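Single-letter residue listing:
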Amino acid sequence: MVNAESFVREAKEEIQNSLKGRGILACSGGQDSTLLAVLSGMSAGDRILTVFVDTGLLRKGETRRVEEIFRKYSINYRIIDASERFLNALAGITDPEQKRKTIGRTFIEVFEEVAKDYGADTLLQGTIAPDWIESGGSVRDVIKSHHNVGGLPEKMNLKILEPLRDLYKDEIRVISEFLGLPNDIQPFPGPGLAVRIIGEITKEKINLLREVTDIVERNVKTEYPERQNGPWQFFAVLLPVKSTGIHGDMRSYGLTVAVRMIDTTDGMSGTFTKPSWEFLENLSTEITNEIRDVNRVVYDITNKPPATIEWE
Ligand code: XMP
């Protein structure tokens, strides 16, 4: 296991010795890239710019949460609101791989523009050991195109720095804790809510799913106050299925959401979480009470494999 104090010292030295001009990095708000942003700020101050792209596909309060961390650690950052651009690029697309590729491409376009504007010559990447080990014989990338692993460097002609490349997930957690960073961030896919909306993406669907996701997250956090005792990932998926129901005394014809909760240690394989029936009942009641357009909630009882964690 890594020694956090010496890792931080060595990472700072590596960044300081390698950075000649200006560096840039994309922070998703996840554990790895947030740690990278903090280390970069500690090592090179304003000579490294941390970019957070708001794709419009994020969860409720996500941009604010990330910005608070940037402020707390005096990170030199820019938040780019590109939500309209992503929405326009996604219009009419229903195929999951095409969605992922469109989001990846749009992300690169936005990021490249900022890098150029800032005059960066170095790209800092939050690659960790499992990322490059997997990409050797990559099963994962064949199954789904992960937009935030690879893709950026080849096109951008920037020098690459990967200070976290030898770390594993548990070591990232130890170092984050050492630096006082939250160590309980739930993994969230780069393409965001888009891969949890089956079919075409619209602003209305994103807004609806964002609210349902918030209800799921609040309920899970209350049920499992200790992150390590609860599911690894927990979220909602908006299905392209309508069904008949009752709202008040009236017939309704409403939307269906699936709730997914997964127990795993690494995301590579996992089993569905088995919460109490009462928990699921309360969750379903809260969703259908608060979100009028939803009249049916189903629980995903599929392990990985054969299913993947995300539905797309
Ligand atoms: P799957 O759906 O492949 O997901 O079983 C495994 C883990 O990866 C996350 N995931 C992604 N993470 N970019 C990411 O950084 C992506 O494009 C992406 N797609 C899925 C997923 O949330 C789960 O934790």
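Before any of the text, the structure's been laid out above.
Everything in this summary refers to the structure shown in the same document. This one's a predicted model, so the numbers in the text were calculated from it and none came from an experiment.

The grouping of W132, I133 and Y168 at the surface amounts to a nonpolar patch, some 290 Å² of accessible area in total. Considering the arrangement of structural elements, one finds W132 in helix α6 (residues 129-137).

Our focus in this paragraph is the pattern of salt bridges. As enumerated under the stated definition, the model contains 17 salt bridges in all. One salt bridge in this structure joins K203 and E84, with 2.7 Å as the shortest N-O distance. Here K203 is found in helix α10 (residues 203-223), whereas its partner E84 is found in helix α4 (residues 83-90), with 119 residues between them in sequence. Of the charged contacts, one joins R260 and D300 as a salt bridge, the two residues approaching to 3.3 Å between their closest N and O atoms. Of this pair, R260 sits in strand β7 (residues 250-263) while D300 sits in the segment after β9 (294-299), placing them 40 residues apart in sequence. Accessibility assignment for this pair places R260 and D300 in one class, buried. Each of the salt bridges in this network shares a partner with another, and the network as a whole consists of K60, E211, D214, R218 and E286.

On to unusual backbone geometry. A cis amide bond links K304 with the next residue in sequence, P305, at an omega value of -15°. By the element assignment, P305 lies in the segment after β9. Cis rather than trans, the peptide bond between P305 and P306 has omega equal to 15°. With respect to the helices and strands, P306 occurs in the segment after β9. Of note, S74 is a non-glycine position whose phi angle comes to about 50°, a positive value. Topologically, S74 is positioned in the loop between α3 (62-72) and β3 (77-81). Classification of S74 as exposed rests on a relative accessible area of 60%.

Definitions and cut-offs
- Residues numbered from 1 in each chain as written.
- Predicted model: local features only at pLDDT ≥ 70, side-chain atom pairs only at ≥ 80, totals over all residues.
- Heavy atoms only, no water.
- Patch = residues over 30% accessible without salt bridge, like charges linked within 9 Å, V, L, I, M, F, W, Y side chains within 5 Å.
- Areas by Shrake-Rupley, 256 points an atom, 1.4 Å probe, with all protein chains shown as cover.
- Salt bridge = Lys/Arg side-chain N within 4 Å of Asp/Glu carboxyl O.
- Helix = DSSP H or I, 4+ residues; strand = E, 2+ residues; numbered from the N terminus.
- Buried < 20%, exposed > 50% of the residue type's maximum accessible area, 1.4 Å probe, protein only.

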